[in-house]
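Architecture and fold: a report
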Amino acid sequence: MSDSTDSAGSKGTAPDSAGSGSASVDSAGSRAAAALRRYWRANIRIMAVLLGLWALAGLGAGILFADTLNAYRISGTGFPLGFWFAHQGSIIVFVLLILAYCLYMNRLDNRHRRELETTRQEG
Amino acid sequence: MSVQAWTYFFVALSFGLYLFIAWRTRVRDTRGFYVAGRGVPAAANGMATAADWMSAASFISMAGLISTMGYAGGVYLMGWTGGYVLLALLLAPYLRKFGHYTVPDFVGDRFASDLARVVAVSCAIFISFTYVAGQMRGVGVVFSRFLEVDIHIGVIIGMAIVFIYATLGGMKGITWTQVAQYWVLITAFLIPAIAISIKLTGSPLPQAGLGTTLEPSIAGQSGVYLLEKLNQIHADLGFSSYTSTFVGGWDKVNVFCVALALMVGTAGLPHVLVRFYTVKSVRAARWSAFWALLFISLLYLTAPATAAFARYYMIDSLNGKTAQELPSWFENWEKTGLILWMDDGDGVMRYSAGEDNEIFRGGSLSHAELSSVQVNHQAWLDSDGAAGADGRTALRARGLSGPDRDIIVLATPEMAELASWIIALVAAGGLAAALSTASGLLLVISSSVSHDLYYRVLRPNASESQRLSVGRGVIGIAVIVAGVFGIYPPGFVSQVVAFAFGLAAASFFPAIVLGIFSKRVGTIPAVCGILAGIGFTAFYIIACVFFGMETWTFGLFANGISPQGIGTIGMLINFAVTLGLTPLFPRPGKEIEAMVDSVREPEDAGPAVQIETAPEH
């Protein structure tokens, strides 16, 4: 799963050079590979954060700490907190997590595309 | 109009709509047949995924399960939604970028092995068949109860409808039918819930109604919270508290394992994964995961409310009533055997957790067995215990205390005395939920056989039209097999759904995640991991469910892990075996590395995708 072992192995492969033999593409290709590595690292980072929240809300608040949280009640309602997380809260958090991921990845994709375009123009 | 006339009206209307869509979306090529031509917009794919995903179990059984399980019912709510986060973050965008037709395609290509492909195909077919059997049974239950047609004829009608739209339109027909089915099923679920919520709590939002106070006219005083009232009723009757955590067999470890197995299983179910192949781009794949969970959450946030409302009505309208006072819904449903009354002789119904409980269900007892219990019980009553046999003891010994969980959603509108058209709507919704899931599963079976086995392994030079005919033929056969399961349901259908999740969790999920996030994992470790995960999970479930093996505590936990949660352990075994073996085997070749790079690269400017350049695409 670790990214460091992956990037070590992929250094020699210039993704853009597949199907093309000209020499100038090689440096552009390695820049594109570097861009992909940066993109991938940012992706892994956001994933780790969001999956952490996922575990915290669903497995944590809904299950592991549910008995402790059940001692508290959401004010103005009849919901004990642990019960609420198990029945509704976690689902709401899940929807928001995917929304956050989509929005973040859209920006990341755009940045990545701009990087690739610059690479191609320079190459 | 009567409930039955309304039911015929809604069912005929919705079936007509499905057939109309099928005609409009018929396809002529494999691309349209397997992946709807990759032209489905994200929001529409979200609706289709939601309908695909929410089965007869979600629609009919889940609220009932929650209703009897209370807090622990949350495992289904969290498990069946939490998986979408895994799906959106770990799988969907990459599978779309990979851009093939099926899940075994990815496994087979990434691990460059026909063995991996065949193992994946077998898992996909097995998971899909176990799941589809439950859907067909759902169709039969709805038909027999609401339309009072024979359960066999009900299943045959359902089969015919699915057959027409699945063979004509393939994935394209199924997708657009599922979009329509989503709206039918969500309307059918929400309208009764809203009506009951207004009646019981005065809140038009059932999701909020669950946490609010009961109407003073119902509770007898103002300011009584619904959940507190339920807890109090439960305490009075000897049931464990509705909102308390970890009661009975549902200890922390089991709740955790079952929830995690369902989450991971959801993310590994082939009929859900394949939906992400149908959208235009990687971005659209991410968004459709978001839309899917948003649409699903409409039902999943409502289900706990329906469950609690139904719990209240169920106890309130039955406990302490005499035969004359019993509501009419009770008689309607008593005929189906989903709820039974075994009186102790005082003529007053009692529903409790103790020995004096008089509410039971027929379960998997045959008609003859059930009526013999009833006849003996009547004899026992008439003779003051001198002859016959106490039916309560007999049914309790078989674990059939309390009503069947399927009754909760199907009968709650009647319990709350809602208008007859609302009651009828529920039937159309249940059918939509069952048919949409069945068609998605049948397509997975068809594409697994016709694409992965026939084309990729057996006949690589088959022509487009041959592949399409095989695809259509396999759907036809699969529909018939599924129908036979529906007409003669194997007694183990309900346990077997847990099986499907466990297997998906232990097989596909680790293989696909490692295939995307590691370039180092090669063929042999991955295949060994899949086989170890699936072998262990299947062994444990079969041994526990069918051969009465004691559940295992692994020397760590106070209680054994239930077969429903064993997929979690199976998944860990798969990961451990794969990662443990990886250093011992050579790195995969350059083509595999390039393929993984291309799957990670969100833009088309990335490395050449061998798939798109391959001649057959």
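Moving on: the overall build of chain B. Each helix and strand counted, chain B has 26 helices and two strands in total. Relative to the globule expectation of 25 Å for 617 residues, the C-alpha radius of gyration of chain B, 25 Å, shows essentially globular dimensions. In terms of principal-axis extent, the alpha carbons of chain B reach across some 80 × 60 × 50 Å. Burial statistics for chain B: of 617 residues in total, 63% are counted as buried. Partitioning the intrachain contacts of chain B with sequence separation of at least 6 by distance along the chain shows that 79% fall at a separation of at least 24. Taking the 37 positively charged and 40 negatively charged side chains of chain B as two groups, their mean positions are separated by 14 Å.

Turning to the environment of B:F290, a few remarks are in order. Note on placement: B:F290 falls in helix α14 (residues 282-318). You can call B:F290 buried: its relative accessible area is 8%. Through-space distance from the C-alpha of B:F290 to that of B:L91 is 13 Å; in sequence the pair is 199 residues apart. Among residues more than four places away in sequence, those in contact with B:F290 are A:V95, A:I98, A:L99 and A:C102.

This part covers a nonpolar patch on the surface. Judged by side-chain polarity, A:V49, A:L53, A:L56, A:L64 and A:F65 come together as a nonpolar surface patch covering roughly 440 Å² of accessible area. Residue placement: A:L56 occurs in helix α2 (residues 24-64).

The next thing to look at is the packing of aromatic side chains. Residues and elements named next belong to chain B. Scanning all chains against the criterion turns up 30 aromatic pairs over all chains. With a centroid separation of 6.0 Å and 40 degrees between ring planes, the pair formed by F15 and Y18 is classed as tilted. One end of the pair, F15, and the other, Y18, are both in helix α1 (residues 3-24), three residues apart, so they sit about a helical turn from each other. Y18 shares its class with F15; the two are buried. Ring geometry for Y540 versus W552: centroids 5.4 Å apart, planes at 85 degrees, classification edge-to-face. Placement of Y540 in helix α23 (residues 523-547) and of W552 in the loop between α23 and α24 (566-581) is noted, with a sequence separation of 12 residues between them. Members of the aromatic cluster, each reached through a chain of ring pairs, are W53, Y76, W80, Y84, Y131 and F501. Its end group placed over the ring of F239, R311 keeps NZ or CZ at 4.9 Å from the ring centre. Here the basic side chain of R467 rests over the ring of Y455, its NZ or CZ set 3.8 Å away from the ring centre.

Residues and elements named next belong to chain B. Relative orientation of the contacting elements helix α12 (residues 252-268) and α24 amounts to 65 degrees, with a least axis distance of 6 Å. For the pair α12 and α24, contact is made by C257, L260, A261 and V264 and by G567, T568 and M571, respectively. Looking at the contact of α12 with α24 residue by residue, the classes come out as five nonpolar, two polar and no charged.

The next subject is the pattern of salt bridges. One side chain can pair with another of opposite charge once the charged atoms of both are near each other. Under the criterion given, the structure shown has 18 salt bridges over all chains. Residue A:D67 pairs with B:K252 through a salt bridge whose shortest N-O separation is 3.4 Å. Of this pair, A:D67 sits in helix α3 (residues 66-69) while B:K252 sits in helix α12, which puts the two residues in different chains. B:D109 is the partner of B:R456 in a salt bridge, and the nearest nitrogen-oxygen pair spans 3.3 Å. Of the two residues, B:R456 is situated in helix α19 (residues 420-458) and B:D109 in helix α6 (residues 103-110); the sequence distance between them amounts to 347 residues.

As a further point, take the interface of chain B and chain A. At the junction of the two partners, chain B supplies 64 residues and chain A supplies 58 residues. Across the interface of chain B and chain A, roughly 5300 Å² is buried in total on both sides, 69% from carbon and sulfur atoms. Of all residues in chain B, B:L89, B:R286 and B:F517 give up the largest surface area on contact with chain A, accounting jointly for 12% of the area buried on that side. For the pair chain B and chain A, the number of links is 17 residue pairs in polar contact (both at pLDDT 80 or more).

Moving on, we get to helix α4 (residues 56-69) of chain B. All names here are of chain B. Look at α4: 19 Å from first C-alpha to last across 14 residues, which is about the 20 Å you get at 1.5 Å a residue. Of all the 14 residues making up α4, 12 are buried; the element is thus mostly covered by neighbouring parts of the structure. Regarding α4, the residues found buried are A56, S58, F59, I60, S61, M62, A63, G64, L65, I66, S67 and M69. Immediately downstream of α4, the backbone of G70 shows phi near 65 degrees, a positive value.

We now examine the confidence of the model for chain A. Residues and elements named next belong to chain A. Looking at chain A as a whole, the pLDDT averages 79, with 78% of positions reaching at least 70. Per-element confidence in chain A is highest for helix α4 (residues 81-122), whose mean pLDDT is 90, and lowest for helix α1 (residues 3-10), whose mean pLDDT is 40. Residue range residues 1-23 is modelled with pLDDT below 50. Its contacts to residues more than four positions away, or to other chains, number 41 contacts.

A word on unusual backbone geometry. Not every positive phi belongs to a glycine, and B:A112 is a case in point at roughly 40 degrees. Looking at where B:A112 falls in the secondary structure, it is placed in the loop between α6 and α7 (114-147).

Now for the environment of B:D343. Residues and elements named next belong to chain B. When you line up the elements, D343 lands in the loop between β1 (340-341) and β2 (359-360). Sequence separation between D343 and I359 is 16 residues; the distance between their C-alpha atoms is 8.5 Å. Engagement of the side chain of D343 in a polar contact is seen with the backbone nitrogen of G345, the distance being 3.3 Å. A distance of 2.7 Å separates a polar atom in the side chain of D343 from the backbone nitrogen of G347.

Residues and elements named next belong to chain B. Applying the stated criterion to the full structure yields zero disulfides over all chains. Unpaired in terms of disulfides, C528 finds its nearest cysteine sulfur in C123, a separation of 14 Å. Here C528 falls in the partly exposed class, since its relative accessible area comes to 31%. In this structure C544 is a free cysteine whose sulfur lies 13 Å from that of C257, the closest cysteine sulfur available.

Scoring rules and cut-offs
Residues numbered from 1 in each chain as written. Chains lettered and ligands numbered in written order. Predicted model: local features only at pLDDT ≥ 70, side-chain atom pairs only at ≥ 80, totals over all residues. Heavy atoms only, no water. Helix = DSSP H or I, 4+ residues; strand = E, 2+ residues; numbered from the N terminus. Rg over C-alpha atoms; globule rule 2.2 N^0.38 Å. Buried < 20%, exposed > 50% of the residue type's maximum accessible area, 1.4 Å probe, protein only. Contact = heavy atoms within 4.5 Å. Lys, Arg positive; Asp, Glu negative; His and termini not counted. Charge placed at Lys NZ, Arg CZ, Asp CG, Glu CD. Patch = residues over 30% accessible without salt bridge, like charges linked within 9 Å, V, L, I, M, F, W, Y side chains within 5 Å. Areas by Shrake-Rupley, 256 points an atom, 1.4 Å probe, with all protein chains shown as cover. Salt bridge = Lys/Arg side-chain N within 4 Å of Asp/Glu carboxyl O. Phe/Tyr/Trp six-rings, centres within 6.5 Å; stacked < 30°, edge-to-face > 60°. Lys NZ or Arg CZ within 6 Å of the ring centre and 35° of its normal. Axes fitted to C-alpha atoms, helices over the stretch in contact; angles between N-to-C directions. Nonpolar A, V, L, I, M, F, W, Y, C, P; charged D, E, K, R; others polar. Buried area = accessible area lost by both parts, 1.4 Å probe. Polar contact = N/O pair within 3.5 Å; in protein donor to acceptor, adjacent residues only side chain to side chain. Expected span 1.5 Å × (residues − 1). pLDDT = per-residue confidence, 0-100. Disulfide = S-S within 2.5 Å.

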